[in-house]
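# Notes for the structure review
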Amino acid sequence: MTITIWWIRRDMRLEDNRALQSAAAAGSVVPLFVIDPTFASASDARRAYMFATLRSLNEATGGVVVLRSGKPDEVLPAFAALVGASSVHMAADFSPYGRKRDEKVRVALEQSRIELVSADTPYAVRPGTVVKDDGTPLKVFTPFYKRWLGFLPEQIADAKVRFEDRRELSEGFPDIDSDVHARWPIGEDAVWARWTQWSASQLQGYNDNRNIPSIDGTSQLSAPLRFGVLHPRQLLQHLGSSEGEDHFRRELAWREFYADVLFHQPETTWVNLQTKMNVLPVDTDAAAKARFAQFCEGNTGYPIVDAGIRQMLQTGWMHNRVRMIVASFLVKDLHVPWQWGAKFFMDHLIDGDIASNNHGWQWTAGTGTDAAPFFRVFNPTSQSEKFDPTGEYLRQWIPEIADLDNSAIHAPWELGLLAPPAYPAPMVDHANERLEALSRYKSVSGK
Ligand SMILES: Cc1cc2nc3c(=O)[nH]c(=O)nc-3n(C[C@H](O)[C@H](O)[C@H](O)COP(=O)(O)OP(=O)(O)OC[C@H]3O[C@@H](n4cnc5c(N)ncnc54)[C@H](O)[C@@H]3O)c2cc1C
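Only a predicted model underlies this, so the values are computations on that prediction, with no experimental measurement involved. (Residues numbered from 1 in each chain as written. Predicted model: local features only at pLDDT ≥ 70, side-chain atom pairs only at ≥ 80, totals over all residues.)

### Looking at the site of the ligand
The following threshold applies: Using a C-beta atom placed from the backbone, a residue is scored as near a molecule or strand whenever that atom is within 6 Å of it. Secondary structure elements are defined from DSSP: runs of H or I of at least 4 residues count as helices, runs of E of at least 2 residues count as strands, and each element is numbered from the N terminus. Polar here means any residue outside two lists: the nonpolar Ala, Val, Leu, Ile, Met, Phe, Trp, Tyr, Cys and Pro, and the charged Asp, Glu, Lys and Arg; Gly therefore counts as polar.
Taken together, 27 residues sit near the ligand, with Thr218, Ser219, Ser222, Asn357 and Gly360 positioned nearest. Only helix H9 (222-226), helix H11 (243-264), helix H14 (320-333) and helix H16 (354-365) provide two or more residues apiece to the shell around the ligand. For the shell around the ligand, the class distribution of residues is 10 nonpolar, 10 polar and 7 charged.

### Observations regarding unusual backbone geometry
With glycine set apart, most residues show a phi of negative sign, and most peptide bonds adopt trans. Where we set the bar: Any residue surrounded by 20 or more other C-beta atoms within 10 Å of its C-beta is treated as buried, while 12 or fewer makes it exposed and the intermediate range makes it partly exposed; C-beta atoms here are placed from the backbone.
One non-glycine residue, aspartate 16, adopts positive backbone phi at about 45°. For aspartate 16, the location among the structural elements is in the loop between strand E1 (3-7) and helix H1 (18-26). On the basis of neighbour counts, which here come to 18 C-beta atoms within 10 Å, the residue aspartate 16 falls in the partly exposed class. Phi at arginine 113 is positive, roughly 60°, even though this residue is not glycine. Following the sequence through the fold, arginine 113 ends up in the loop between helix H4 (96-111) and strand E5 (115-120). Since 7 C-beta atoms lie within 10 Å of it, arginine 113 is described here as exposed.

### Notes on helix H17 (residues 380-387)
For the record, the criterion: Think of it as the arc spanned by the lines of direction from the helix axis to the C-beta atoms. A pair of residues counts as a contact when their C-beta atoms, built from backbone coordinates, are separated by no more than 7 Å.
Of all the residues in H17, the buried ones are Pro380, Gln383 and Ser384. Along the axis of H17, the buried residues cluster in a sector spanning 100°; they form a single face. Contacts from the buried residues of H17 go to helix H13 (303-315), H14, helix H18 (392-397) and helix H20 (430-445).

### Focus on the pairing of strand E2 (residues 28-35)
Condition: Two strands qualify as a pair provided that DSSP identifies no fewer than 2 bridges between them. Note on handedness: a clockwise path from strand one over the helix to strand two, with the strands aimed away from the viewer, defines a right-handed crossover.
For E2, the tally of buried residues reaches 7 of 8 residues, placing the bulk of the element in the interior. Of the pairings in the sheet, the one linking E1 to E2 comprises 5 bridges and is parallel in character. Opposite tryptophan 6, over in E2, you have proline 31 as the bridge partner. For the segment spanning E1, H1 and E2, crossover handedness is right-handed.

### Some words on the domain arrangement of the protein chain
For the record, the criterion: Where each domain starts and ends follows an automatic or database-derived domain assignment.
Taken domain by domain, the protein chain comprises domain 1 (3-120), domain 2 (123-155 + 188-264) and domain 3 (269-442). Using only C-alpha atoms to locate each centre, domain 1 and domain 3 end up separated by 37 Å. Taken together, the contact pairs 6 residues of domain 1 with 9 residues of domain 3. For the side of domain 1 that touches domain 3, the leading source of residues is helix H2 (residues 44-60), giving 3 residues.

### Digging into the packing of H13 against H14
Under the convention used in this document: Only the stretch in contact is used when fitting a helix axis, every axis being a line fitted to C-alpha atoms; angles between N-to-C directions are given from 0 to 180 degrees. The labels follow the angle: roughly parallel below 35 degrees, roughly antiparallel above 145, roughly perpendicular from 65 to 115, and oblique for the rest. Left-handed is the label given to a crossing in which the near helix is rotated counterclockwise from the far helix by less than a right angle, and right-handed is the label when the rotation is clockwise.
Across the interface, H13 lies against H14 with an axial gap of 9 Å and an inter-helix angle of 115°. Taken together, H13 and H14 sit at an angle that is classed as roughly perpendicular. As for how H13 packs across H14, the hand of that crossing is left-handed. Across the interface between the two elements, Ile304, Val305, Ala307, Gly308 and Ile309 from H13 touch Val322, Arg323, Ile325, Val326 and Phe329 from H14.

### Section: the environment of glutamate 188
Structurally, glutamate 188 is set in helix H7 (residues 188-202). Between the C-alpha atom of glutamate 188 and that of valine 229, which follows or precedes it by 41 residues, the distance is 5.7 Å. Not counting residues within four places of it along the chain, the set of residues in contact with glutamate 188 comprises Arg13, Leu14, Glu15, Ala60 and Val229.

Below, the structure written as structure tokens:
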């Protein structure tokens, strides 16, 4: 019997998994997960989510997932030799690190005459596919989206998989001390149950409710999508043409758009996509570092900013509207480089994805793809009043101000001596910092 390896990466599911199907079509499958030393830099929350998900996948396979630690270009050839595998099947990774790693693995396997088969991607449409008529990449979301719709894949039926039981070769699952199970649905069944429950009650109203952080208005499926517990093409199958469903489809496409941008311009992971923004003055001195540290604790004195940061620190997830407000505050009120914020988010998010995160930051910072122009500065107080009018979200994450009524909770400092003493005063004055941001922008725009 031919033995093949399914190299599990961002495709932790059994259903509609083309890498697994490709391995199964070629032989009897050993599912392998490689614990890469670089995982040490992922957030504790993301690692906990990943290992909990892997455990669930292991149970779904009957316990045959093999875990091995080490550099993938060393582990894969050695393990393939150990089990006598003739090919390794995977879903391609498009992050700059993932592309380099996979190339090294391909070369290392080739030396042993073992084929590395790239049979799927984490996206409905493979990055690099959607281009203009002249073959160049699309730089703006809406035209990308219109073309992307024309490439959506057909669903294909899963064939039966025969697993090979080599569990004796596996290292044990690491013990993770985390409440990840209490917070998130883990594994394919639980994630699909979440989708079924959420989409039945919320999808039609997604358009209106997706900006309100106090309600269950968004799917909270970003981490399962990040780890491939479900694939976007599976979700797309469930979407009709109502306004809510259309909007949800667009949001899935943003994820694909950013992956596409990074595929064509991998250097924009950490440098401005709009190079003209390179001359924008930013603060990086000791005072800026101290302000950044205060921001990272969720103690800016602006409740909506602090609520978002505390939500992320406690749960590993933050609502999209609040991510935008928080990112805008860091870049335009504290004037520090967006890269500091992007790293901070990657250090804490369970859905941390280098393309969506770093280009989400660039979008907000006005340095990225059809970005919110730099001169459009979010006002944290009016954003809070608009999107959390009852203050429910603020009360949930900031107990120090939970007793304030709706008229005071968005700007507690206005109470003067009656402001809750346990909550900090604003670390900067938004009106002044907005003007400062606009004046710095003049050095870029010349106006
Ligand atoms: C500064 C900043 C950083 C971000 N970092 C990440 C990140 O690390 N990982 C990540 O998955 N998303 C990131 N996003 C995008 C977005 O905030 C999250 O995808 C979303 O909040 C996840 O919640 P949800 O699953 O309930 O979203 P829903 O509203 O239910 O959307 C469904 C899915 O569509 C995708 N999606 C939605 N909005 C966006 C968007 N703006 N960009 C890209 N994909 C989107 C996600 O996969 C999401 O799960 C970031 C946005 C900003 C502004």
